[in-house]
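The lines below spell out each chain.
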Amino acid sequence: MEITNVTEYEAIAKQKLPKMVYDYYASGAEDQWTLQENRNAFSRILFRPRILIDVSNIDMTTTVLGFKISMPIMIAPTAMQKMAHPEGEYATARAASAAGTIMTLSSWATSSVEEVASTGPGIRFFQLYVHRDRNVVAQLVRRAERAGFKAIALTVDTPRLGRREADIKNRFTLPPFLTLKNFEGLDLGKMDKADDSGLASYVAGQIDRSLSWKDVQWLQTITKLPIFVKGVLTAEDARIAVQAGAAGIIVSNHGARQLDYVPATIIALEEVVKAAQGRIPVFLDGGVRRGTDVFKALALGASGIFIGRPVVFSLAAEGEAGVRKVLQMLRDEFELTMALSGCRSLKEITRNHIVTDWDVPLPHPVPKL
């Protein structure tokens, strides 16, 4: 069967992957309300297309931290990609590079920063979890820097792991033939079996619950790399992130895997964008499956978006070719959405190109009888 959109990869991944692995990638926290809402919220935003504009040339290029990329569609950090496909993060890195976009490597990758760097040129960010042992953190950051990574995406929504009930039922653990490669030399690469989720136990033992804004400042003393704060959902935290010297904000609810009943990221986006006041760029991840979704995020003020699950599902289905195809399909759909909305470049995408169900309706004159 020919694949014609990003969502179709999920069913193929479900067929191919062991239940424990598919459930780990697919599930959200608790009732999974936010998981569904991340998708559903996009359908509450409609287009106001402008017509009769010459759209024979469309430019989707943009810059992130001064790096030019082919489109505002980037790869979010997703853990343990070799559970999806033997080539794992190598395949994802090559696909991102071929598409001319940015890949974010997870701290909990099954390939190390050095291994991913060895796949060839490419603009890559490193997602960081702050371990209790700050020496581990400093080492990781230094290794990412040395391997040519261009930024740190600091995950700030995980002082504890969210309650993912499928992982508890499945007694989720990293398959024995895999390791968390970035921690292998530190004796932190293996995940023990546990009475609930092996990952939850690992996080409880390793990740620092005391993480605070002070640590964002500390991180700036140990690295020259720009720091993105990933996991912001409110105006209050957006303002603090700007004051703390963040280079950017990623509006994220961790793929709806942490606190259930937080808003969809596309709903939270505008509040964060307004609070940032254009001082630093704001990005979005969560629920993006169509080029129309990308356009809606940009119309609400995002500088770009990141995709997570579509990467692991397409990786499971077709390896590197699958990830390339996902990036190409999103690119093609986004270009078409721009053309049909009358936008020739990203700067032409405005708030006036959409209407949301939370917009105040314009007062219509009462017709005379």
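Residues numbered from 1 in each chain as written. Predicted model: local features only at pLDDT ≥ 70, side-chain atom pairs only at ≥ 80, totals over all residues. Heavy atoms only, no water.

## Digging into the environment of Tyr25
Right, so step 1: Mapping Tyr25 onto the fold places it in helix α2 (residues 19-26).
Right, so step 2: For Tyr25, a relative accessible area of 4% gives the class buried.
Right, so step 3: In the structure, Tyr25 is positioned 73 residues away from Ala98 in sequence and 24 Å away in space, judged by C-alpha atoms.
Right, so step 4: Not counting chain neighbours up to four residues away, the residues in contact with Tyr25 comprise Leu17, Ala79, Met80, Gln81, Met83, Ala84, Arg257, Arg309, Val312 and Phe313.
Right, so step 5: At a separation of 3.3 Å, a polar atom in the side chain of Tyr25 contacts the main-chain amide nitrogen of Ala84. (Helix = DSSP H or I, 4+ residues; strand = E, 2+ residues; numbered from the N terminus. Buried < 20%, exposed > 50% of the residue type's maximum accessible area, 1.4 Å probe, protein only. Contact = heavy atoms within 4.5 Å. Polar contact = N/O pair within 3.5 Å; in protein donor to acceptor, adjacent residues only side chain to side chain.)

## Looking at the nonpolar core
It is characteristic of soluble globular proteins that their nonpolar side chains tend to be buried jointly.
Right, so step 1: Of all hydrophobic cores here, the largest spans 106 residues; its most connected members are Leu128, Ile266 and Phe334.
Right, so step 2: Looking at this core element by element, the count peaks at 13 residues for helix α13 (residues 309-341).
Right, so step 3: Those residues within four positions of Ile266 in sequence are excluded, and the remaining contacts are Ala41, Phe42, Ile45, Leu284, Lys296, Ala297, Leu300 and Trp358. (Core = buried A, V, L, I, M, F, W, Y, C linked by side-chain atoms within 4.5 Å.)

## Considering the pattern of salt bridges
Right, so step 1: Counting across every chain of the model gives 17 salt bridges.
Right, so step 2: Asp293 is the salt-bridge partner of Arg39, the closest N and O atoms lying 3.0 Å from each other. In this pair, Arg39 is assigned in helix α3 (residues 33-40) and Asp293 in helix α12 (residues 291-299), connecting sequence segments 254 residues apart.
Right, so step 3: In this structure Asp293 comes out as buried when scored by relative accessible area, which is 3%.
Right, so step 4: Salt-bridge contacts for Arg134 lead to Asp208; the nearest nitrogen and oxygen are separated by 2.7 Å. Taken together, the residues span a long stretch of sequence, with Arg134 in helix α6 (residues 134-146) and Asp208 in the loop between α8 (198-206) and α9 (213-222) at a distance of 74 residues.
Right, so step 5: Each of Glu87, Arg94, Glu320 and Arg324 takes part in one network of salt bridges that share partners. (Salt bridge = Lys/Arg side-chain N within 4 Å of Asp/Glu carboxyl O.)

## Digging into the UniProt feature "active site" (unreviewed entry) in the protein chain
Right, so step 1: Feature annotation in UniProt places "active site" (unreviewed entry) on His254, given in this structure's numbering.
Right, so step 2: Mapped onto the elements of the fold, His254 is located in the loop between β9 (248-251) and α11 (265-276).
Right, so step 3: Not counting the four nearest positions on each side in its chain, His254 is found in contact with Tyr129, Thr155, Asp157, Thr158 and Arg164.
Right, so step 4: Among the polar contacts listed, one links the side chain of His254 to the side chain of Asp157, at a separation of 2.8 Å. (UniProt positions renumbered as here; feature names shortened; annotations may be inferred.)

## Concerning unusual backbone geometry
Right, so step 1: Its identity as a non-glycine residue notwithstanding, His254 has a phi of 65°, on the positive side.
Right, so step 2: Exposure remark for His254: the relative accessible area of 12% places this residue in the buried category.
Right, so step 3: The phi dihedral of Tyr261 is positive, around 70°, even though this residue is not glycine.

## Considering the pairing of strand β7 (residues 151-155)
Right, so step 1: By the criterion of burial, β7 is predominantly enclosed, with five of the five residues buried.
Right, so step 2: Burial along β7 is two-sided: the residues Ala151, Ala153 and Thr155 and Ile152 and Leu154 are all buried.
Right, so step 3: Pairing geometry for strand β6 (residues 124-128) and β7, over four bridges, is parallel. Across the sheet, Gln127 pairs through a bridge with Ala153, a residue of β7.
Right, so step 4: A crossover links β6 with its parallel partner β7, the connecting element being α6, and its sense is right-handed.
Right, so step 5: Sheet topology note: the β7/strand β8 (residues 227-232) ladder contains four bridges and is parallel. Looking across to β8, one finds that Ile152 is bridged to Ile227. (Pairing = 2+ DSSP bridges. Right-handed = clockwise from strand over helix to strand, strands pointing away.)

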